[in-house]
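# Structure at a glance
Here are the chains, one letter per residue:
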Amino acid sequence: MTARRLLVITYYFGPDGPVGGLRWLGMTKYLARLGWRIAVVTGVPPVADEAPTGVHVEWCPRLWTLSDGWRLLRRVAFGPSLQAFPAASGVAHSSERPGPLRQLGREVWAFLTFPDESRGWLLHAAARTRSVMRRFRPHVVVSSGPPHSAHLVAALATLGSAVPWWVDLRDPWAGPLEKIWESDRMLGSRLFRIVAPRLERFAFRAATGIITNTPQLGDALTVRYPDVPVVCVPNGVDPERLPPPARDRYPGLGIAYTGWLYTGRDLGPVVQALKAFLEHHPEAARAGAKLRVAGRADASHARAFYNAVAAAGMEPYVEVLGPLPRAEALNVVSRSRLAVVLAQEQELQIPAKLYESVAMGIPTLIVTPPHSAAAVEGNRVGAVVRDSADLEGIACVLERAWRDGSRERSCPVPITYEAIAPMVDKVLQQRRHPEPQRPRPLR
């Protein structure tokens, strides 16, 4: 029997880049164990010995663009840009609408960096992918984004081909997007609002179907594209890439946030709840209670965070670790009593880090609106869900973590890519164009 062949197009594919790159790193590993031969076209250089057995990785680096030249000139003229988690200075940026000059600057920036961070990759990757298709002859193609230019690469590479092509969305593309995203330099630009929906329609109508990682996003896309099949395959975790339980736990109530602070993500409610908890339990303060923050932050979000910490007088109980390699960040989570996941103002998305802390058995608090996709999934996998405004509820979660000590929790449902791979296998082996239907998580 001839082995089934899958071609995956994804800009990120590896353990140390953005967490979205872990989705198909995990899926391809376990699909290969189910008998698939797999090739991956990616825009980041592969790490030695990181590609799963049975998976061939083709690195296609992006080419330089005007934006890269401008950034180089700016570094030469003004020195390095802000740190990944910049020191506090001044106050957070105002949320008021930008003036004409700032709006013009945003449009110029959006033009130079369009369509996304993979700028300079699209045409180069499309040519490389067509070459791979001629050699590899895949039975099915999957493109995964963001960056969503991977779908344009797939559209160009499969042009004139009868090979089925599935679009995998880890986040919305042209929408629907919450109002908070209007503050984003790219997503809030007029260029994006005009061009992105047209690119999305072009790709979706050429594809065999769409894969989403939340039913909520699938429902929204089904309304927008009623003739395009949509299925939901949730995110998961590869347990073989998680650290063993930590033996040297942090003293006292160790709280970990490992992620990016941007758009609506705000640790301020956690800081305020921690203050209220410590006021009621000074013994926890003496025992070493601390919130540890590892990751990146937009400049305005970093300033807002430092301001919140200073206003609450919580400097002794907060430690900013900055960006860490994934293994070190997971170690911070493993040594903590509570992991925090932020999903404010992201109604259709679920942060992938939720699955890591839950799979590690670390009690997990997800701060999100009660009816969001992240809240629904958090309840399903055994996390504790609290709204940003529920400071008393967050403080109660902290108190429970303090009283429970180092007790670990088990996930009530399977969330590993090993369990998810057979679901993906079933989708990819569909021989006919499936009928459109309401997207639901594959079980």
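Parameters and conventions
Per-chain numbering applies: the sequence of each chain, read as written, is numbered from 1 onward. Owing to the predicted nature of the model, reporting of local features is limited to residues with pLDDT of at least 70; listing and counting of side-chain atom pairs is limited to 80 or more, with chain, interface and lining totals taken over all residues. Values reported for side chains reflect all heavy atoms of the structure, with hydrogen atoms and water molecules removed beforehand. The rule for pairing is simple: two strands pair if DSSP sees at least two bridges between them. Comment: elements are numbered from the N terminus, with helices defined as DSSP H or I runs of at least four residues and strands as E runs of at least two. Structural elements are reduced to axes, namely lines fitted to C-alpha atoms, with helices fitted over the stretch in contact, and the angle between N-to-C directions of any two is expressed from 0 to 180 degrees. Working rule for contacts: check all heavy atoms of both residues, and any pair within 4.5 Å makes them a contact. Buried Ala, Val, Leu, Ile, Met, Phe, Trp, Tyr and Cys residues form a nonpolar core when they are joined through side-chain atoms within 4.5 Å. Relative accessible area decides the class of each residue, using a 1.4 Å probe on protein chains only: under 20% of the type maximum gives buried, over 50% gives exposed, and in between gives partly exposed. Handedness is read with the strands pointing away from the viewer; a crossover is right-handed when the path from the first strand over the helix to the second is clockwise. One fewer than the residue count of a helix, multiplied by 1.5 Å, yields its expected span. Should an angle fall under 35 degrees it is taken as roughly parallel, and over 145 as roughly antiparallel, whereas 65 to 115 is taken as roughly perpendicular and any remaining angle as oblique. pLDDT gives the predictor's per-residue confidence on a scale running from 0 to 100. Two aromatic rings from Phe, Tyr or Trp, using only the six-membered ring of Trp, form a pair when their centres are within 6.5 Å; if the ring planes differ by under 30 degrees the pair is stacked, by over 60 it is edge-to-face, and anything between is tilted. Note on geometry: a ring has a charge over it if NZ (lysine) or CZ (arginine) is within 6 Å of the ring centre and within 35 degrees of the ring normal. Handedness of each helix crossing follows the sense of rotation of the near helix against the far helix: counterclockwise by less than a right angle gives left-handed, clockwise gives right-handed. Polar here means any residue outside two lists: the nonpolar Ala, Val, Leu, Ile, Met, Phe, Trp, Tyr, Cys and Pro, and the charged Asp, Glu, Lys and Arg; Gly therefore counts as polar.

## Here's the deal with the sheet that holds strand β2 (residues 37–42)
Read from one edge of the open sheet, seven strands run β3-β2-β1-β4-β5-β6-β7, paired in parallel fashion. The open sheet has two edge strands with one neighbour each: β3 (55–59) and β7 (230–232). In this sheet, adjacent strand axes meet at a mean angle of 20° when their direction is disregarded. Relative to strand β5 (residues 165–169), strand β4 (residues 140–145) runs parallel, the two sharing five bridges. Across the sheet, residue V142 finds its bridge partner in β5, namely W166. Those strands touched by helix α7 (residues 215–224) are β5, β6 (209–212) and β7, and its axis lies near 150° from that of β6.

## Here's the deal with the nonpolar core
Judged by nonpolar contacts, the single largest core of 36 residues is most densely connected at W121, W165 and F204. For this core, the secondary-structure elements that each account for two or more residues are β1 (5–10), β2, α4 (122–136), α5 (149–157), β5, α6 (190–206) and α7. Residues within four places of W165 in sequence aside, it is in contact with V141, S143, H151, A154, A155, T158, A203, A206, A207, T208 and G209. A273, A297, F305 and A312 belong to the second-largest nonpolar core, a separate cluster that totals 35 residues.

## Digging into the pairing of β5
Of all five residues that make up β5, five are buried, and the element is covered over most of its length. Both β5 and β6 contribute to a ladder of four bridges, which runs parallel. By the bridge assignment, D168 is partnered in β6 with I211. One crossover worth recording links β5 to the parallel β6 by way of α6, and it is right-handed.

## Regarding helix α8 (residues 268–280)
An ideal rise of 1.5 Å per residue puts 18 Å on 13 residues; α8 measures up with 19 Å between its terminal C-alpha atoms. Three or more residues of α8 are buried, namely G268, P269, V270, V271, A273, L274, F277 and L278.

## A short note on the packing of helix α1 (residues 22–33) against helix α15 (residues 417–428)
For the pair α1 and α15, the least separation of the axes is 8 Å and the interaxial angle reads 80°. Classified by the interaxial angle, the pair formed by α1 and α15 is roughly perpendicular. Touching L22, R23, W24, G26, M27, Y30 and L31 of α1 are Y417, E418, I420, A421, V424, D425 and L428, all from α15.

## Side note on the confidence of the model for the protein
Residues at a pLDDT of 70 or more form 86% of the protein, whose mean pLDDT is 87. Across residues 88–96 the pLDDT falls below 50, and counting only partners more than four positions away or on other chains, this stretch makes twelve contacts in the model. Counting interchain partners and residues more than four positions distant, the pLDDT-below-50 stretch residues 432–443 has 29 contacts.

## With respect to the pairing of β4
Within β4, six of the six residues are buried, which leaves it mostly tucked inside the rest of the structure. Relative to β4, β1 runs parallel, the two sharing five bridges. Opposite V8, over in β4, you have V142 as the bridge partner. Considered for its hand, the β-α-β crossover made up of β4, α5 and β5 is right-handed.

## Regarding the packing of aromatic side chains
Per the stated rule, a full pass over the model turns up six aromatic pairs. Measuring from ring centre to ring centre gives 5.1 Å for F204 and Y225, while their planes differ by 75°; the resulting arrangement is edge-to-face. With F204 in helix α6 and Y225 in the loop between α7 and β7, the pair connects residues that are 21 residues apart, well separated along the chain. Exposure class is identical for F204 and Y225. Each is buried. What links up through ring pairs into an aromatic cluster is the set Y11, Y12 and W121. The ring of Y250 carries the charged tip of R292 above its face, separated from the ring centre by 3.7 Å.

## Observations regarding the sheet that holds strand β10 (residues 318–322)
With parallel pairing, six strands are arranged side by side in an open sheet as β10-β9-β8-β11-β12-β13. Looking at the sheet topology across the chains shown, the edges are occupied by β10 and β13 (384–386). The sheet shows a mean angle of 25° between the axes of neighbouring strands, taken without regard to direction. By the bridge criterion, five bridges tie strand β8 (residues 254–258) to strand β9 (residues 290–294) in an arrangement that is parallel. Bridging from a neighbouring strand, Y257 pairs with V293 of β9.

## As for the packing of α8 against helix α14 (residues 391–404)
Where α8 contacts α14, the axes come no closer than 8 Å and their chain directions differ by 60°. As the angle between them shows, α8 and α14 are arranged oblique. In the crossing of α8 with α14, the sense of the turn from one axis to the other is right-handed. Contacts between α8 and α14 involve P269, Q272, A273, L274 and F277 on the former and, on the latter, L391, I394, A395, L398, E399 and W402. Looking at the contact of α8 with α14, its residues break down into nine nonpolar, one polar and one charged.

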